[in-house]
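Observations on the three-dimensional arrangement
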Amino acid sequence: MRRWLGHGRATVGHALLLAGAFIMLAPFLWMALTALKTEREIYTFPPVWIPTVWDWANFPEALAKAPFGRYFYNSLVMAVAQTGINVVFAAMAGYAFARLRFRGRDFLFWLVLAKMAVPVQVTLIPSFLVVKHFPLLGGNNLLGQGGTGMLNSYPGLIVPGAVTGFAIFLFRQFFSTLPRDLEDAARIDGCSEWHLFWRIMLPLAGPALAVVAIFTFQDGWNAFLWPLVITRSEAMRTIQVGLTVFQEDVTIQWDYLMAGTTLATLPVMAVFILFQRYFIRGISMSGLKG
Amino acid sequence: MFFVSPAMLHFLTFTTLPVLGVLLLSFTDYSVIRDTHWVGLRNYQDLGRDEVFWTALRNTFAITFVSLPVSMALALAMAVVLNEPIRGRVFYRAAFYLPKVTATIAIATVWLWIYSPQFGLLNSGLRSLGLRPVDVLGNPDTALYGVVAVYIWRTMGAKMVIFLAGLQAIPIHLYEAARIDGAGRWHQFTRITLPLLAPATFFVLVTGMLDVFKVFEEVYVMTNGGPVHATTTIAHQVYLQGFQYFRMGYAGAQAVIMFGAVVVLTALNRLLFREKVDYA
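The notes below deal with the structure included here. Not measured: the values here are computed from a predicted model.

1. Observations concerning the overall build of chain B
Check the secondary structure of chain B and you find 13 helices and 0 strands. Taken from N to C terminus, the helices and strands of chain B fall in the order α-α-α-α-α-α-α-α-α-α-α-α-α. Over its C-alpha atoms, taken along the principal directions, chain B stretches across nearly 75 × 65 × 35 Å. Put simply, chain B has 280 residues, and 54% of those count as buried. The contacts of chain B with a sequence gap of at least 6 include a subset with a gap of at least 24, amounting to 65%. Per element, the accessible surface of chain B, about 12900 Å² overall, is 66% carbon and sulfur. Separation between the mean location of the 20 positive side-chain charges and that of the 15 negative ones in chain B comes to 6 Å.

2. With respect to unusual backbone geometry
Residues other than glycine seldom take positive phi values, yet Asn152(A) does so here, at roughly 55°. Locating Asn152(A) in the fold gives a position in the loop between helix 6 (120–132) and helix 7 (154–158). Residue classification places Asn152(A) among the partly exposed residues on the basis of a relative accessible area of 22%. Phi at His229(B) is positive, roughly 65°, even though this residue is not glycine. Within the secondary structure layout, His229(B) lies in the loop between helix 11 (217–222) and helix 12 (234–244).

3. Quick notes on the pattern of salt bridges
Residue and element names in this part refer to chain A. Here the structure, examined in full by the defined rule, presents 9 salt bridges over all chains. Two residues, Arg99 and Glu183, come together in a salt bridge whose shortest N-O distance is 2.0 Å. Of this pair, Arg99 sits in helix 4 (residues 68–99) while Glu183 sits in helix 9 (residues 180–188), placing them 84 residues apart in sequence. Residue Arg99 shares its accessibility class with Glu183, and that shared class is buried. Glu183 is the partner of Arg180 in a salt bridge, and the nearest nitrogen-oxygen pair spans 3.7 Å.

4. Describing the nonpolar core
Counting 180 residues, the largest nonpolar core has Phe97(A), Ile168(A), Phe175(A) and Met222(B) as the members making the most contacts within it. Among the elements that line this core, the one with the most residues is helix 7 (residues 143–168) of chain B, at 15 residues.

5. Some remarks on helix 3 (residues 51–82) of chain B
Residue and element names in this part refer to chain B. The terminal C-alpha atoms of helix 3 lie 45 Å apart, and with 32 residues this matches the ideal 46 Å at 1.5 Å per residue to within 8%. Its maximal kink placed at Ser67, helix 3 deviates by approximately 30°, while the proline Pro69 follows within four residues. Between a side-chain oxygen at the N-terminus of helix 3 and the backbone nitrogen of Val52 the separation is 3.0 Å; the capping residue is Asp50.

6. Topic: empty space enclosed by the protein
Per the stated rule, a full pass over the model turns up 4 cavities of 30 Å³ or more. Roughly 50 Å³ of internal volume is contained in the second largest cavity. As for the second largest cavity, its lining consists of Trp30(A), Lys37(A), Glu41(A), Ile42(A), Thr44(A), Pro47(A), Val48(A), Trp113(B), Phe119(B) and Ser124(B). For the lining of the second largest cavity, a count of residues per class yields 6 nonpolar, 2 polar and 2 charged.

Each value, and the rule that gives it
Residues numbered from 1 in each chain as written. Chains lettered and ligands numbered in written order. Predicted model: local features only at pLDDT ≥ 70, side-chain atom pairs only at ≥ 80, totals over all residues. Heavy atoms only, no water. Helix = DSSP H or I, 4+ residues; strand = E, 2+ residues; numbered from the N terminus. Buried < 20%, exposed > 50% of the residue type's maximum accessible area, 1.4 Å probe, protein only. Contact = heavy atoms within 4.5 Å. Areas by Shrake-Rupley, 256 points an atom, 1.4 Å probe, with all protein chains shown as cover. Lys, Arg positive; Asp, Glu negative; His and termini not counted. Charge placed at Lys NZ, Arg CZ, Asp CG, Glu CD. Salt bridge = Lys/Arg side-chain N within 4 Å of Asp/Glu carboxyl O. Core = buried A, V, L, I, M, F, W, Y, C linked by side-chain atoms within 4.5 Å. Expected span 1.5 Å × (residues − 1). Bend = angle between axes of the 7 residues up to and from the residue. Polar contact = N/O pair within 3.5 Å; in protein donor to acceptor, adjacent residues only side chain to side chain. 1 Å grid on protein atoms, 1.4 Å probe; cavity = no way out; pocket = protein on both sides within 12 Å on 5 of 7 lines; lining within 4 Å. Points joined across faces, edges and corners; volume = space filled by probe spheres on them. Nonpolar A, V, L, I, M, F, W, Y, C, P; charged D, E, K, R; others polar.

Following this line, the structure appears as structure tokens:
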């Protein structure tokens, strides 16, 4: 009787989980399958899940309707560049917060934590103005007047979101767990601080580097509000902005839109599936990431 | 000091300066196009009379009060089930977390298609069951729920993973001792799991509340704030006023209110729960 009850509970649990997983995955399936249907099958009742004719031509046709290739490339540039910058600068800062003593350390670290809590919308407009009036760029003079600064450019897309509080926080957590003896030994051997960081500490930070790289790439690829406000020309749009522009057409062509949406989700999904353990590790390493 | 300077220089330029800047901006009528004047508190006075802004505030709080209890309860339930040695755990965990890694714009686009009044998946399903189709996003009474549902769906998995990490930190021997004392499963849940999960719960609650202030992409894609402002949020208003109407001073005042709400919320949390909670 007891065993039977236990068994029943497990079955109910499994049924609930399966239902839950279906609710989570169905929209993604519906997206990918819509992208592969002919127009006739999209507008039929009752709906067809599996296309009878696999219309792969939707993808090249969508790419011809809007410059998704260009959008894709811009997003890639933005995400990769932000990842490179964040990994280096946040690691340096996280290392210093964990291992070095300097004036104002606690206050600066408090600033890092505070930055994480401030919603992007709060700083959106002033950040836009900083980028627009950045001195000596985009035709601006020394006082930041006369030109467009970094608006509608790669530096403008990349730089403002390139160093994150989360990454610094994560690196600090990681570097505080390394044994002290290591650096003492290196210092006794006459190793410079700079050398110590690059040659000894950073190579040990592999797991933290991987977590930060993955999260930063994901954030860069998925970014929307910032690229939306600072890009003007079609040639500078990122894939997420491009997706919303494509919807502004009078009649939405769902097969093409879903093809574009599939393309917009694929890289990050691939990263997630390949490096899943790093996502979970990132959350347990920091004990957070909401 | 040298090690932190690049990152701190970046923070100074793109966070500290903008936070101070938005305060200044909110006392002006800056608009990119026309000359700028110092207007004192006029933006704030206008905000007080702005029906749409009040609607946006109400909507933001409504999203908080509806979505947080539901998504936290679902996330906790899923975490408890997945904490057991169940077959396919890794698969389920990944499936629930997937919306968190996917671009919100893409998610909102897919849901727009699902909600589509004529051939969307939702209405096809309703019609198959013999029910009348509904235009969830086109009806001012239901549009906000349509947005909230997507928001819950999108944020549940991330909450679940935090609960799961919290559950795994609870020592097994507590449950063993409770079982020996004859405590049932429900008793174990309410007397051990829930109290010991409190830090994780507070963390999910606080980050969840802060996250609602950022709700923008679903609204932008699915409803653009409509119909008749039924789904507009503070974040959406800041964007609209600042970058559609170019009333940047006015949008700045809205951003300051938003910042104030975040500060109050964080301080309140510090006062009420002296638990060690980190924000991200």
